Amino acid sequence: MSQAVERTFWAVAVIALGIYVASISETFLYQAYLDWQFAEALKAPAPTQSSKRSAGLARNTSKAREGDAIARLEIPSIQLSALVAEGIQKSTLRRSIGHVPNTAAPGAAGNVGLSAHRDTFFRR
């Protein structure tokens, strides 16, 4: 009887550890993907002088899709460096810091709303 209980506890421990490792791995891989996506967006050519006005208007009217990388948040005092993705869906917040819709974009005038789970990026 005691061997069956011991094996059950070992099985539960192994499953819990597997879920934890999968969760951490998913976050790490998603942050790497967002980092690549953000770097590619920064490589895009800057608009020319004649098209600055129309490019600015287009940028303001088009919204990023849920999960798209839009900024990098760095706070050296707590050793935080993470990418900010558009949206506050559960799947987005599980893997990145989310930008609250209908708030100012990072770098724009106004208040920027950011969200993350306290046991992930905002733990420190």
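For the structure, see preceding data.
Scoring rules and cut-offs
- Residues numbered from 1 in each chain as written.
- Predicted model: local features only at pLDDT ≥ 70, side-chain atom pairs only at ≥ 80, totals over all residues.
- Heavy atoms only, no water.
- Helix = DSSP H or I, 4+ residues; strand = E, 2+ residues; numbered from the N terminus.
- Buried < 20%, exposed > 50% of the residue type's maximum accessible area, 1.4 Å probe, protein only.
- Contact = heavy atoms within 4.5 Å.
- 1 Å grid on protein atoms, 1.4 Å probe; cavity = no way out; pocket = protein on both sides within 12 Å on 5 of 7 lines; lining within 4 Å.
- Points joined across faces, edges and corners; volume = space filled by probe spheres on them.
- Nonpolar A, V, L, I, M, F, W, Y, C, P; charged D, E, K, R; others polar.
- Phe/Tyr/Trp six-rings, centres within 6.5 Å; stacked < 30°, edge-to-face > 60°.
- Lys NZ or Arg CZ within 6 Å of the ring centre and 35° of its normal.
- Core = buried A, V, L, I, M, F, W, Y, C linked by side-chain atoms within 4.5 Å.

Colleague: Quick rundown of the side chain of Gln31? Include the residues and the values.
Modeller: Residue placement: Gln31 occurs in helix α1 (residues 2-43). Look at Gln31 and you get buried, because its relative accessible area is 14%. Among residues more than four places away in sequence, those in contact with Gln31 are Ala82, Leu83, Arg95, Ser96 and Phe121.

Colleague: Requested: an account of the layout of surface pockets, with residues and values cited.
Modeller: Considered as a void within the structure, the second largest pocket measures approximately 580 Å³ in volume. Considering the residues around the second largest pocket, the lining is formed by 18 residues, among which Ile24, Thr27, Asp119, Thr120 and Phe121 are closest to the centre. Contributions of two or more residues to the lining of the second largest pocket are made by α1, β2 (80-86) and α3 (90-95). Here the element with the most residues in the lining of the second largest pocket is α1; it accounts for six residues. A per-class count over the lining of the second largest pocket returns six nonpolar, seven polar and five charged.

Colleague: Describe the packing of aromatic side chains, listing the residues and the values that go with them.
Modeller: Within the structure shown, the criterion is met by two aromatic pairs. Ring centres of Tyr30 and Tyr33 lie 6.4 Å apart, and the angle between their planes is 40°; this geometry places the pair in the tilted category. In this pair, Tyr30 and Tyr33 are both assigned in helix α1, three residues apart and thus about one turn of the helix distant. Here Tyr30 falls in the buried class, since its relative accessible area comes to 13%. An aromatic cluster is present here, built from Tyr30, Tyr33 and Trp36 joined pairwise through their rings. Taking NZ or CZ as reference, Arg95 lies 4.0 Å from the ring centre of Tyr30, over its face.

Colleague: Give a detailed account of the nonpolar core, specifying residues and quantitative values.
Modeller: The biggest cluster of nonpolar side chains holds eight residues, and these are Ala71, Leu73, Leu80, Ala82, Val84, Ile97, Ala116 and Phe121. Elements that contribute at least two residues to this core include exactly β1 (69-75) and β2. Ranked by residues supplied to this core, first place goes to β2 with three residues. Here Ala82 is in contact with Gln31, Ala71, Arg72, Leu73, Ile97 and Phe121, once residues within four sequence places are set aside.

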